[in-house]
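The primary structure of each chain is shown beneath.
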Amino acid sequence: MTVYKFIETSVDQRIGLIELNRPKQLNSLNREMVREILEAMQSFDRNDEVRVILLAGRGKAFSSGADIDEMAGADSMSLELLNQFADWDQIPLIKKPVIGAVHGFVFGGGFELALCCDILLAANGTEFSFPEVSLGVMPGAGGTQRLTKLVGRTKAIEWLWTGERIKAEELLKHRVINRIVSAEVLHEEALRFAEKLAGMPPLALRMIKDSVNKAVDYSLYEGMQYERKNFYLLFSSEDQKEGMQAFVEKRKPIYQGK
């Protein structure tokens, strides 16, 4: 297992765990930390022993956002030459299910990272925000786009313009998060959900994620054609044969991800 500077990783019960580990800085995201998150996700994505990726944060917060000290002296050209968001662009390309378990503060870049997850569980009392406007800037890693697609233009522009803190209950109402759980059992609930997905056929999960992601940008007709292609492809898998044979034989299927 790779040793990282800003995150901790582990694998157990087919679940690859990534924990943000800058608790003194409330897990603020610097460029190296984002690179480590991406590298860990890509490593788990290639690892046949991992079925589901679980993303969480250590300490009092999931993430307070970008590391402002790192960015304060930047100018337009330096950010362009750094290709500031190249690693961010790769995170949504992870093919395995990604579950986010967030708590405390989920601000700025931390909110953008949470929005990259496929399933999002939040501890009660969690607060979300895009406070970039108060610093004279705006989200740049997909926040304006993903939030708008989830909640619509009117609410998104209100939250982005004001930078106000949004309670988890409000985001649950707007379907940004999947469920709210007690802070004391957040990790256990996230693991339980991950374990459930880990028992599902990996290729079917992958094709469903692929199809749902395309639905965000495709027309209904285009999306249906894409869905149909993935449906047909699954009939070339061993998992499809095993799943249907197990159903006929009234036994629990054993999926291999092949």
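Residues numbered from 1 in each chain as written. Predicted model: local features only at pLDDT ≥ 70, side-chain atom pairs only at ≥ 80, totals over all residues. Heavy atoms only, no water.

### Brief notes about the environment of S211
Going by this rule: The secondary structure listing takes helices from DSSP runs of H or I that are at least 4 residues long and strands from runs of E that are at least 2 residues long, numbered from the N terminus. We call two residues in contact when some of their heavy atoms are within 4.5 Å. We define a polar contact as two N or O atoms separated by no more than 3.5 Å, with the added condition that, inside protein, one atom must be a possible hydrogen donor and the other a possible acceptor, whereas residues neighbouring each other in sequence contribute only through side-chain atom pairs.
Among the secondary structure elements, S211 is positioned in helix α10 (residues 202–217). Once the C-alpha coordinates of S211 and S43 are considered, the two residues, 168 residues apart in sequence, prove to be 23 Å apart. With near-sequence residues (within four places) excluded, S211 lies in contact with Y226, E227 and N230. Separated by 2.9 Å, the side chains of S211 and N230 make a polar contact.

### Some thoughts on the side chain of E127
Stated formally: Burial classes follow relative accessibility: with a 1.4 Å probe on protein chains only, a residue under 20% of its type's maximum area counts as buried, one over 50% as exposed, and anything between as partly exposed.
Within the fold, E127 resides in strand β7 (residues 127–129). Look at E127 and you get buried, because its relative accessible area is 17%.

### Concerning the side chain of Q240
Positionally, Q240 belongs in helix α12 (residues 238–248). What makes Q240 buried here is its relative accessible area of 15%. For Q240, the contacting residues outside a window of four places in its chain are L234 and F235.

### Looking at the nonpolar core
Formally: Residues enter a nonpolar core if they are buried and are Ala, Val, Leu, Ile, Met, Phe, Trp, Tyr or Cys, with the set joined through side-chain atoms within 4.5 Å.
The biggest cluster of nonpolar side chains holds 44 residues, and the ones touching the most others in it are L20, F111 and F128. By residue number, the principal contributor to this core is helix α1 (residues 31–46), which donates seven residues. Counting 18 residues, the second largest nonpolar core, distinct from the first, contains A101, L121, V181 and L186.

### With respect to the packing of α10 against helix α11 (residues 220–234)
To be explicit about the condition: Interaxial angle, 0 to 180 degrees, is taken between N-to-C directions of lines fitted to C-alpha atoms, where a helix line uses only the stretch in contact. Any angle that falls under 35 degrees is termed roughly parallel, while one over 145 is termed roughly antiparallel, one within 65 to 115 roughly perpendicular, and all others oblique. By the convention adopted, Pro, Cys, Tyr, Trp, Phe, Met, Ile, Leu, Val and Ala count as nonpolar, Lys, Arg, Asp and Glu as charged, and the other residues, Gly among them, as polar.
Packing of α10 against α11 brings their axes to within 9 Å, and their N-to-C directions diverge by 170 degrees. In terms of their interaxial angle, α10 and α11 are classed as roughly antiparallel. Of the residues in α11, those in contact with L203, A204, M207, D210, S211 and K214 of α10 are Y226, E227, N230, L233 and L234. Here the contact of α10 with α11 is composed, by residue class, of six nonpolar, two polar and three charged.

### So, the sheet that holds strand β5 (residues 105–107)
In a beta sheet, neighbouring strands are held together by backbone hydrogen bonds and run either parallel or antiparallel to one another. Formally: A pair of strands is considered paired only if DSSP assigns at least 2 bridges between the two.
Strand order across the open sheet formed by three strands is β5-β7-β8, with mixed pairing between neighbours. Across the chains shown, the open sheet's two edge strands, defined by having one partner strand only, are β5 and β8 (166–167). Bridge analysis of β7 against β8 gives two bridges, and the strand direction is antiparallel. Its bridge partner lying in β8, F128 is registered against I166.

### Considering the pairing of strand β3 (residues 52–57)
The buried fraction of β3 is high, at six of six residues. Bridge count for strand β2 (residues 15–20) against β3 is six bridges, and the pairing is parallel. Residue I18 lies in a different strand from β3, and its bridge partner there is L55. Where β3 lies against strand β4 (residues 98–102), four bridges are found, and the strand directions are parallel. Along β4, the bridge assignment pairs A56 with A101.

### Topic: the pattern of salt bridges
To keep things clear, this is the line we draw: Take a side-chain nitrogen of Lys or Arg and a carboxyl oxygen of Asp or Glu: if they are within 4 Å of each other, that pair is a salt bridge.
In the structure shown here, the tally under the stated rule is 13 salt bridges. Across the salt bridge formed by R22 and D67, the nearest N and O atoms sit 3.3 Å from each other. Taken together, the residues R22 in the loop between β2 and α1 and D67 in the loop between β3 and α2 (68–71) connect sequence positions 45 residues apart. When its relative accessible area of 11% is taken as the criterion, R22 is described as buried. Where D118 meets K209, a salt bridge forms, and the shortest distance between an N and an O atom there is 2.9 Å. On the criterion of sequence distance, the pair formed by D118 in the loop between α5 (109–115) and β6 (119–123) and K209 in helix α10 is long-range, its members being 91 residues apart. Assessed through its relative accessible area of 13%, K209 is described here as buried.

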